[in-house]
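Read off the chains here:
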Amino acid sequence: MWDELHEECGVFGVFSPAAGDVAGLAYYGLYALQHRGQESCGIVVNDDGVFTSHRDLGIVGDVFTRQVMEEFPQGTMAVGHVRYGTTGGTVRANCQPIVVNHRKGKLALAHNGNLSNAMELRTELEMGGAIFHGTSDTEIIAYIITQQRLKTPSIEEAVSRAMDRLDGAYSLVIMSSAKMMACRDPHGFRPLCYGFLEDGTAVVASESCALTAVGAKFCRDVLPGEILTFDETGIHSDRTHCGTREKRMCIFEYIYFARPDSVLDGVCVHTARKNAGRLLARRHGVEADLVVGVPDSGMDAALGYAEESGIPCGMGFIKNKYIGRTFISPGQGQRVNQVKIKLSPIREAVQDKRIVLIDDSIVRGTTSRQIVTLLREAGAREIHMRISSPPFRNPCYYGTDIDSREHLIACRHTVEEIGELIGADSLGYLDREDLPEMVGCTGFCDACFSGEYPTKIPTDTAKDRFEGKLSERHKEEKR
C-alpha cells in the first residue's frame, strides 16, 4: 500500500486493411497511455497469422528501443499494453499482452481492470489441471476464453460465453489470427473507445487521448457489455450483455487516473476536474492570496477553484519530470525526503502568502504532510488544503490499488484531525453528494467513498494472493 494512488493499466489495438507499421502505431499509442501504468509494457504484432511479441518490465521508451522496433514485421493487427498491476507481482511473467497458442489458433489479450471473482475462477481452473505461468488475473481471462473457444464456432461467441463467468472490471483488446476484438464489462468500470485513421485503420484505446496521439478520429466509446469485432468485412457489434448490469464507470478515472485531454463516456476529464474545484470553492471557501495545485493531478481542480473563488491561481511547485513509478526509493540509511526529489516549491510565489493547496486525494497522509511542510519551509503564511475527492474509507476491488481500510487515514481520523496531522490550517474534501454535478451525470462507481459495491465482495483481496505463499484457505486445505 503506497501513500499515492497508482494508475490503472492501458490497452491499445490496431486493425489495418493492409499490412503496415502497426507496431509503430501501437508504440505511440502506448506512449500516450503511459500515465496508466509504468511497471511494464508489451506489443504483439499479427503478420498474416504469425505473432511477434515483445514484453518487458519498464516504461515504453526503455522497453521499445529502436532495435526492438525494427525487429517487428509489417502487419495488419497489433495489440499493446502498459501495466500497473493490482493482482500479481511486478515480474516479467505478468507482462502483457498475453499470448496463447491453442488447438483452434492463437490469441493475444490485453486487459485493464481487476476481476472480483479471480480467486474462485483460478481455483476452479487449477483443480481442472490448468497450469499458470504468471499470477495476474489476466491469465485467468485468457484461460476461460480459450476454454470456450474450443467449444464454440467463433472467437466472438467464446468471448461472449466467457463474459458470463467474469465478475468485476475488464476492458479487453483481443487479437486472433484474423480478427481484433474490443470488449468492456457490463458495468463499464474502465474506459474503452475506438476511432479511425484516414486510411480506414481502426484503433482501440483505453482513452481518447491515445487516438489523438496517432492521428485517429474518435468514433465512440465501447458500450458497457459490448463486444466489438473488427475483421475484413467491417465492424460488428454484439450487445447481448449490454444493459444486464447498471453502468458503473470508476469515478476516479475522472478525478485522477485519466489524462485531462481525454473524453470518457462523453465527459471531458479536464472539465470534470475543474468542476470539482468549483464545487470545493463553494463548500469550502476561505480567504487566501493564491490557489496552488499539486502537480499534476491537482492542477485542473485548482483552476476551477480559482475561477469560482476569484482568488488568483499560481504555480507553487516545480515537478521533476524525470521521476516515474520506476523511481528507486532510498534505503533506510539514506534520510532523503522523496517528495523533495519530486517537488520543489517556488519560494518567490508562496512566501508570506495564504495558500489554498489543491490535491486529488489523501491516502495515508504522509505525502500530504510533506507537501504542506515544503510550503511552510518556503515561507507560506497559511495553508488551506482542499481535496478534489471525498475521503477514502473503503478498499477497491476493480483495479485501484486501495486494498486495506487499516491504511486509510480517513478510516481512523476525522477531517479536523487529518488537517492537524498533515499540518494544514484547514482541510476540506469534495462532498460525495457533489460527484454527479462534477461529472454531469450519474452511473458511476464510488464504492471507495461509500462502501456500496456493485458486485460481490471477494474474500481474499491481497495483490499477491496468487504468489508463492499459500493463502490461509490453501493452508487449511493442505492440513
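Scroll up to find the structure.
These remarks concern the structure in this document.

Definitions and cut-offs
- Sequence order sets the numbering: in each chain, residues are counted from 1 along the sequence as written.
- pLDDT decides what is reported in this predicted model: residues at 70 or higher carry local features, side-chain atom pairs at 80 or more are listed and counted, and totals for whole chains, interfaces and linings draw on all residues regardless.
- To obtain the side-chain values, all non-hydrogen atoms of the structure were included, while hydrogens and water were left out.
- Axis definition: a line fitted to C-alpha atoms, over the contacting stretch in the case of helices. Angles run 0 to 180 degrees between N-to-C directions.
- Helix and strand definitions here come from DSSP, where helices need a minimum of 4 consecutive H or I residues and strands a minimum of 2 consecutive E residues; each element is numbered from the N-terminal end.
- Throughout, the term roughly parallel applies to angles under 35 degrees, roughly antiparallel to angles over 145, roughly perpendicular to angles from 65 to 115, and oblique to all others.
- Handedness of a crossing follows from how the near helix is turned relative to the far one, being left-handed for an anticlockwise turn of less than a right angle and right-handed for a clockwise one.
- Residues count as neighbours in contact if any of their non-hydrogen atoms are within 4.5 Å of one another.
- For each residue, the accessible area found with a 1.4 Å probe, counting protein chains only, is set against the maximum for its type, and the residue is called buried under 20%, exposed over 50%, and partly exposed in between.
- By arc we mean the arc of the directions from the helix axis to the C-beta atoms, nothing more.
- Polar contacts here mean pairs of N or O atoms no more than 3.5 Å apart (in protein, one a potential hydrogen donor and the other a potential acceptor; neighbouring residues in sequence count only if both atoms are side-chain atoms).
- All residues other than Ala, Val, Leu, Ile, Met, Phe, Trp, Tyr, Cys, Pro, Asp, Glu, Lys and Arg, Gly among them, are scored as polar; the first ten of these are nonpolar and the last four charged.
- In this scheme, strands are said to pair when DSSP sees at least two bridges between them.
- Only rings of Phe, Tyr and Trp enter the pairing, Trp through its six-membered ring, and a pair is recorded when the two centres are within 6.5 Å. The plane angle decides the type: under 30 degrees is stacked, over 60 is edge-to-face, the rest tilted.

**Some points on the packing of helix H5 (residues 137-149) against helix H6 (residues 155-163)**
Next up, step 1: One can describe the packing of H5 onto H6 by two numbers: an axis separation of 8 Å at closest approach and a directional angle of 125°. The pairing of H5 with H6 is recorded here as oblique in orientation. Considering only the axes of H5 and H6, their crossing is right-handed. Contacts between H5 and H6 pair Ile144, Ile145, Gln148 and Arg149 from the former with Ile155, Ala158, Val159, Arg161 and Ala162 from the latter.

**Comments concerning helix H14 (residues 415-422)**
Next up, step 1: Taken as a whole, H14 has its buried residues at Ile418, Gly419 and Ile422. Considered in projection along H14, the buried side chains sweep an arc of 105° and stay on one side of the axis. Along H14, exposed side chains directed more than 90 degrees from the buried face belong to Glu416 and Glu420.
Next up, step 2: At its buried positions, H14 is contacted by helix H13 (366-377), strand S22 (382-387) and strand S23 (426-429).
Next up, step 3: Within two residues after H14, Gly423 carries a phi angle of roughly 85°, on the positive side.

**Structural notes on the environment of Arg248**
Next up, step 1: Residue position: Arg248 is located in the loop between strand S13 (234-238) and strand S14 (249-250).
Next up, step 2: The sequence separation of Arg248 and Phe189 amounts to 59 residues, and the corresponding C-alpha distance is 5.4 Å.
Next up, step 3: In contact with Arg248, other than residues within four places in its own chain, are His187, Gly188, Phe189, Gly443, Phe444, Cys445 and Pro454.

**Comments concerning the side chain of Ser116**
Next up, step 1: Looking at where Ser116 falls in the secondary structure, it is placed in the loop between strand S6 (105-115) and helix H4 (118-127).
Next up, step 2: Exposure remark for Ser116: the relative accessible area of 5% places this residue in the buried category.
Next up, step 3: A polar atom in the side chain of Ser116 sits 3.5 Å from the backbone nitrogen of Gly168.
Next up, step 4: At 3.4 Å, the side chain of Ser116 and the side chain of Thr455 are in polar contact.

**Focus: the packing of helix H9 (residues 269-283) against helix H10 (residues 299-309)**
Next up, step 1: Running from N to C, H9 and H10 cross one another at 45°; their axes reach a closest spacing of 6 Å. As judged from the angle between their axes, H9 and H10 are oblique. Crossing handedness for the pair H9 and H10: right-handed. When H9 is examined against H10, the residues His270, Arg273, Lys274, Gly277, Arg278, Leu280, Ala281 and Arg282 are found in contact with a partner set consisting of Asp300, Ala301, Leu303, Gly304, Tyr305, Glu307, Glu308 and Ser309.
Next up, step 2: For the contact of H9 with H10, the per-class residue count stands at five nonpolar, four polar and seven charged.

**Things to note about the pairing of strand S8 (residues 180-184)**
Two faces belong to every sheet, and in a regular strand the side chains alternate between them.
Next up, step 1: Of all five residues in S8, five are buried; the element is thus mostly enclosed.
Next up, step 2: Here S8 shows no split at all, with Met180, Ala182 and Arg184 on one side and Met181 and Cys183 on the other all buried.
Next up, step 3: Pairing of strand S7 (residues 168-175) with S8, which is carried by five bridges, proceeds in the antiparallel orientation. What sits directly across from Met175, in S8, is Met180.
Next up, step 4: The hairpin turn running from S7 into S8, its antiparallel successor, is four residues long.
Next up, step 5: With four bridges connecting them, S8 and strand S12 (residues 227-231) associate as antiparallel partners. For Cys183, the partnering residue across the bridge sits in S12 and is Ile227.

**Considerations on the packing of aromatic side chains**
Next up, step 1: Scanning the entire structure with this criterion turns up 14 aromatic pairs.
Next up, step 2: Geometrically, the ring pair formed by Tyr27 and Tyr31 is edge-to-face, given 5.2 Å between the ring centres and 85° between the ring planes. One end of the pair, Tyr27, and the other, Tyr31, are both in helix H1 (residues 22-32), four residues apart, so they sit about a helical turn from each other.
Next up, step 3: When the ring of Phe132 is compared with that of Tyr143, the centres are 4.8 Å apart and the planes differ by 55°; the resulting orientation is tilted. Of this pair, Phe132 sits in the loop between H4 and H5 while Tyr143 sits in helix H5, placing them 11 residues apart in sequence.

**Regarding the sheet that holds strand S18 (residues 313-314)**
Two pairing modes exist for strands in a sheet, parallel and antiparallel, and in both the strands are linked by backbone hydrogen bonds.
Next up, step 1: Reading across the sheet, the five strands line up as S18-S17-S21-S22-S23 and stay open at both edges, with parallel pairing between neighbours. Of all the strands in the sheet, just S18 and S23 have a single pairing partner and so form its edges.
Next up, step 2: The pairing of strand S21 (residues 354-359) with S22 spans six bridges and is classified as parallel. Bridge pairing links Arg354 to Glu382 in S22.
Next up, step 3: Those strands touched by H10 are strand S17 (290-293), S18, S21 and S22, and its axis lies near 160° from that of S17.
Next up, step 4: Where H13 meets the sheet, its contacts fall on S21 and S22, and the angle it forms with S22 comes to roughly 150°.

The values are spatial; any link to function lies outside them.
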